[in-house]
Amino acid sequence: MNKDPNYIPKLEKAIAKKYGEEATHNPSRFWDEEKEKDYITQSQQAQRKFAKLAESQDKVEQDGFLINKKLLTRENNRSCPICKRYSFHPRDDLYMNKFEACFKCYIDYVEDREERWATGWRPNKEE
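Residues numbered from 1 in each chain as written. Predicted model: local features only at pLDDT ≥ 70, side-chain atom pairs only at ≥ 80, totals over all residues. Heavy atoms only, no water.

(A) Representation of the overall build of the chain in the model. When its secondary structure is counted, the chain shows six helices and two strands. For the chain, the α and β elements follow one another from N to C terminus as α-α-β-β-α-α-α-α. Here the chain holds 127 residues, and 13% of them are scored as buried. Put simply, of all contacts in the chain between residues at least 6 apart along the chain, 10% involve residues at least 24 apart. Of the roughly 11,500 Å² of accessible surface on the chain, 51% is carried by carbon and sulfur atoms. (Helix = DSSP H or I, 4+ residues; strand = E, 2+ residues; numbered from the N terminus. Buried < 20%, exposed > 50% of the residue type's maximum accessible area, 1.4 Å probe, protein only. Contact = heavy atoms within 4.5 Å. Areas by Shrake-Rupley, 256 points an atom, 1.4 Å probe, with all protein chains shown as cover.)

Structure below.
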């Protein structure tokens, strides 16, 4: 332990020099009734906002889990219509949205033939 009786005043002086004089004061010194009322009003508004948000997110129980209803109505086709491969890779999502094919099918059938693909050409099922 430091036995210097001037340690605390030196420390406060160093803090005041580095962070400003207000850093060494008690925070309640700057708090009054008006600030308290503003704080309570703001916290009540925030609470109402969160309650409204919670109400808007309807949860549905499915297989023992609560799931947001919006997630159930979303169609998420993760199977490639060309090769029927199922993928969770984000790269495949990009090509599925743009070309309706996974990355592998894009490389095999679409790359450098985007115009033909856009007109509706698709590979035969036998390939």
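(B) Structural detail: the nonpolar core. Ranked by size, the top nonpolar core spans 11 residues in total: Cys80, Tyr95, Met96, Phe99, Ala101, Cys102, Cys105, Tyr106, Tyr109, Val110 and Trp117. Among the secondary structure elements, those contributing two or more residues to this core are helix H4 (90-99) and helix H5 (103-110). (Core = buried A, V, L, I, M, F, W, Y, C linked by side-chain atoms within 4.5 Å.)

(C) Structural view of the packing of H4 against H5. Direction vectors running N to C along H4 and H5 enclose 50°, while the axes themselves pass 8 Å from each other. Relative to H5, the element H4 lies oblique. Contacts between H4 and H5 involve Arg91, Asp92, Tyr95 and Phe99 from the former and Phe103, Tyr106 and Val110 from the latter. Each residue belonging to the contact of H4 with H5 can be placed in one class, and the counts come to five nonpolar, no polar and two charged. (Axes fitted to C-alpha atoms, helices over the stretch in contact; angles between N-to-C directions. Parallel < 35°, antiparallel > 145°, perpendicular 65-115°, else oblique. Nonpolar A, V, L, I, M, F, W, Y, C, P; charged D, E, K, R; others polar.)

(D) Spatial organisation of the confidence of the model for the chain. Counting all residues, the mean pLDDT for the chain is 82, and 90% of those residues have values of 70 or more. At the level of individual helices and strands, the chain shows its lowest average pLDDT in helix H3 (residues 69-73), which scores 65, and its highest in helix H1 (residues 7-19), which scores 92. (pLDDT = per-residue confidence, 0-100.)

(E) Summary view of the state of the cysteines. Applying the stated rule across the entire model yields zero disulfides. Free of any disulfide, cysteine 83 has its nearest neighbouring cysteine sulfur in cysteine 105, separated by 3.6 Å. The closest cysteine sulfur to the non-disulfide-bonded cysteine 102 is located on cysteine 105, 3.7 Å from its own sulfur. The class of cysteine 102 is buried, set by a relative accessible area of 3%. (Disulfide = S-S within 2.5 Å.)

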